[in-house]
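Examining the three-dimensional arrangement
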Protein chains: 2
Amino acid sequence: MNLDTYLVTAEAISAGRSTVEIVEAAIDGGIDVVQLREKEMSARKRYDLGLELRDLTREADVPLLVNDRIDLAAAIDADGVHLGDADLPISVARDQLGEDAIVGRSVSTPEAAREAERRGADYLGVGAVYPTDSKDTDPEGTEIGLDRIRAVAEAVEIPSVGIGGVKPDNAAAVIETGADGVAVISAITAADDPAAATRALGAAVERGRE
Amino acid sequence: MNLDTYLVTAEAISAGRSTVEIVEAAIDGGIDVVQLREKEMSARKRYDLGLELRDLTREADVPLLVNDRIDLAAAIDADGVHLGDADLPISVARDQLGEDAIVGRSVSTPEAAREAERRGADYLGVGAVYPTDSKDTDPEGTEIGLDRIRAVAEAVEIPSVGIGGVKPDNAAAVIETGADGVAVISAITAADDPAAATRALGAAVERGRE
Ligand code: NI
């Protein structure tokens, strides 16, 4: 699974554009993973949107994950879910979605990373790497910094993705810690040109590996 | 399925008592159905609570339903789910929980009642019967009145349960419209004696049938 560039959707901070439009642009820019989040939408609206995103991402061969809701992931035939501390346990996702599903877990410490790996997570979202504007719009509210990103990446065998305040101009530093990719919301959703922003993010990840 | 008295849980309006304590008392008072709702709790907390409620209700042979979350219902082996307009479609619940699961649907008009029946709902929650204090704590915010409860009950073959502002002293009138039962939150959760309140509600339902 290629986790280089990972988009978390948020129509509320997409500068008036629809999430469908943003995801189309991100696919055009080479996005590697899309997570349907949309905390402000009802489950019913996320379901309708999810069916559209499933068509788009399947055509582009891009994995589609769903934040929090295992039932929604199953209903739209997503590739998996992303879970946080407040969500259902990894074991429930595994039971309901099967062995082949991708199950991601948010963590912010090496201890939590090892526990998530032990419980069967396929990858980790780690953050917030950098300061972020809002707990409401970003999954991770508290800055943990690059040293902690490195400590998490070194603590586990599964891949990790840095999230929180990541942009094209600071993404290479995240990869240099040993993280396998970067996840963003506003760096793509709020960009003037989301396709160009996605390409810039991918280029930054490549630079970080050099 | 006996829908005479139906409790929707809300620890936030349980006068400092736990939902486990309230459900134990309601079972003691003869409650017929329990729905785990708890809009203020994280999915993880509802999961932990749901496992406890599953033990209690199974021992008492009382059906346990889960509000909104099909994944949570499956995870705790609940008997079914209760869905509203903003939740996933009935068809998704049926697919994921199976033919034997109980799937309830909130409606407030005869047209919506017929559509829910056509889509496979097993029962309807209809309301708000009477004025309620808060949209946040009661599932149905707008009073529709007894005539509409009667119109819904007459529009469908599946059973209907009146919800919203129902108390022991006004429950008989709900049953007299043709509704099959009454659902309450605060009439039980906020009662000085939740077991006695449940018994009083059951007695009122009996009176309404005479
Ligand atoms: Ni690694």
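Residues numbered from 1 in each chain as written. Chains lettered and ligands numbered in written order. Predicted model: local features only at pLDDT ≥ 70, side-chain atom pairs only at ≥ 80, totals over all residues. Heavy atoms only, no water.

A few words on the relation of the copies chain B and chain A. When chain B is brought onto chain A, the operation consists of a screw motion whose angular component is 180° and whose axial shift is 0.0 Å, with 0.0 Å RMSD remaining. What the rotation and shift describe, once combined, is the action of a two-fold rotation axis. If distances are taken from each C-alpha of chain B to the rotation axis, the shortest is found for Asp71(B), at 2.4 Å. Comparing interface residues between copies, 100% of those in chain B also sit at the interface in chain A, which points to an isologous, same-surface contact. (Least-squares fit on C-alpha atoms with pLDDT ≥ 70 in both. Contact = heavy atoms within 4.5 Å.)

A separate point is the UniProt feature "binding site: Mg(2+)" (unreviewed entry) in chain A. Within the UniProt annotation, "binding site: Mg(2+)" (unreviewed entry) is assigned to Asp68(A) and Asp87(A). A maximum C-alpha distance of 5.8 Å is found for the annotated residues, which run over 20 residues; spatially they form one tight group. Position of Asp68(A) relative to the elements: it lies in the loop between β3 (64–67) and α3 (70–75). Classification of Asp68(A) as buried rests on a relative accessible area of 10%. The residues contacting Asp68(A), other than those within four sequence positions of it, are Lys39(A), His82(A), Leu83(A), Asp87(A), Ala43(B), Arg69(B) and Asp71(B). By secondary structure assignment, the location of Asp87(A) is in the loop between β4 (80–83) and α4 (90–97). Those residues in contact with Asp87(A), other than ones at most four positions away along the chain, are Asp68(A), His82(A), Ala43(B) and Arg44(B). (UniProt positions renumbered as here; feature names shortened; annotations may be inferred. Helix = DSSP H or I, 4+ residues; strand = E, 2+ residues; numbered from the N terminus. Buried < 20%, exposed > 50% of the residue type's maximum accessible area, 1.4 Å probe, protein only.)

All right, on to the packing of helix α1 (residues 19–28) of chain B against helix α9 (residues 194–209) of chain B then. All names here are of chain B. Running from amino to carboxyl end, α1 crosses α9 at an angle of 45°, the nearest separation of the two axes being 7 Å. Viewed along their axes, α1 and α9 adopt a mutual orientation that is oblique. Our pair here, α1 against α9, has a crossing hand that is right-handed. Along the contact surface, α1 presents Ile 22, Ala 25, Ala 26 and Asp 28, while α9 presents Pro 194, Ala 195, Thr 198 and Arg 199. Broken down by class, the residue content of the contact of α1 with α9 amounts to 5 nonpolar, 1 polar and 2 charged. (Axes fitted to C-alpha atoms, helices over the stretch in contact; angles between N-to-C directions. Parallel < 35°, antiparallel > 145°, perpendicular 65-115°, else oblique. Left-handed = near helix turned anticlockwise from the far one by under 90°. Nonpolar A, V, L, I, M, F, W, Y, C, P; charged D, E, K, R; others polar.)

All names here are of chain A. Here β3 shows a buried face lined by Leu 64 and Val 66 and a second buried face lined by Leu 65 and Asn 67. Judged from the 3 bridges that link them, strand β2 (residues 33–36) and β3 form a sheet pairing that is parallel. Note that in β3 the partner of Leu 36 across the bridge is Val 66. Note on the crossover from β2 through helix α2 (residues 43–60) to β3: the handedness is right-handed. Of the strand pairs in this sheet, β3 and β4 are connected by 3 bridges, and their pairing is parallel. Note that in β4 the partner of Leu 65 across the bridge is Gly 80. Handedness of the crossover joining β3 and β4 through α3: right-handed. (Pairing = 2+ DSSP bridges. Right-handed = clockwise from strand over helix to strand, strands pointing away.)

Our focus in this paragraph is the sheet that holds strand β4 (residues 80–83) of chain B. To summarise the sheet geometry, strands pair through backbone hydrogen bonds and adopt either a parallel or an antiparallel arrangement. Residue and element names in this part refer to chain B. What the 8 strands build is a closed barrel, ordered β1-β2-β3-β4-β5-β6-β7-β8; its pairing is parallel. For this sheet, the mean inter-axis angle between neighbouring strands, taken without regard to orientation, is 25°. Relative to strand β8 (residues 181–184), strand β1 (residues 5–8) runs parallel, the two being bridged by 3 bridges. From the neighbouring strand, Thr 5 faces β8, where its bridge partner is Val 182. Set on the sheet, helix α2 (residues 43–60) makes contact with β2 (33–36) and β3 (64–67); between it and β2 the angle comes to about 170°. Those strands touched by helix α5 (residues 110–118) are β5 (102–107) and β6 (123–127), and its axis lies near 160° from that of β5.

Scanning the model with the defined rule gives 22 salt bridges over all chains in all. For Arg44(A), the salt bridge identified is with Asp48(A), shortest N-O distance 3.7 Å. Of this pair, Arg44(A) and Asp48(A) both sit in helix α2, 4 residues apart, which is roughly one turn of that helix. Arg44(A) sits in the partly exposed class, given a relative accessible area of 32%. Among the charged side chains, a network of salt bridges with common partners joins Lys39(A), Asp68(A), Arg69(B) and Asp71(B). (Salt bridge = Lys/Arg side-chain N within 4 Å of Asp/Glu carboxyl O.)

Each partner contributes residues to the interface: chain B has 18 residues there, and chain A has 18 residues. Buried area between chain B and chain A, both sides added, is near 1500 Å², and the carbon and sulfur share of it is 59%. There are 11 residue pairs in polar contact (both at pLDDT 80 or more) connecting chain B and chain A. In terms of residues, the side of chain B that touches chain A owes the most to one element, helix α3 (residues 70–75) of chain B, which gives 5 residues. Its residues placed into classes, the side of chain B that touches chain A shows 10 nonpolar, 2 polar and 6 charged. (Buried area = accessible area lost by both parts, 1.4 Å probe. Polar contact = N/O pair within 3.5 Å; in protein donor to acceptor, adjacent residues only side chain to side chain.)

Moving on, we get to a negative patch on the surface. Residue and element names in this part refer to chain A. Judged by side-chain charge, Glu 21, Glu 24, Glu 52, Asp 55 and Glu 59 come together as a negatively charged surface patch. Those elements giving two or more residues to the negative patch turn out to be α1 (19–28) and α2. Judged by relative accessible area, which is 73%, Glu 59 ranks as exposed. (Patch = residues over 30% accessible without salt bridge, like charges linked within 9 Å, V, L, I, M, F, W, Y side chains within 5 Å. Areas by Shrake-Rupley, 256 points an atom, 1.4 Å probe, with all protein chains shown as cover. Lys, Arg positive; Asp, Glu negative; His and termini not counted. Charge placed at Lys NZ, Arg CZ, Asp CG, Glu CD.)

Let's shift gears to the nonpolar core. What tends to happen in soluble globular proteins is that the nonpolar side chains get buried as a cluster. Leu124(A), Val166(A), Leu124(B) and Val166(B) are the most contacted members of the largest nonpolar core, which totals 108 residues. Discounting residues that sit within four places of it in the chain, Leu124(A) has contacts with Arg105(A), Val107(A), Ala113(A), Ala116(A), Val152(A), Val156(A), Ile158(A), Pro159(A), Ser160(A) and Val161(A). (Core = buried A, V, L, I, M, F, W, Y, C linked by side-chain atoms within 4.5 Å.)

Residues and elements named next belong to chain A. In this chain, Gly 127 is followed by Ala 128 through a cis amide linkage whose omega measures 5°. Relative to the helices and strands, Ala 128 is located in the loop between β6 (123–127) and α6 (145–155). Positioned with a positive phi, Asp 68 is a non-glycine residue whose angle comes to about 75°.

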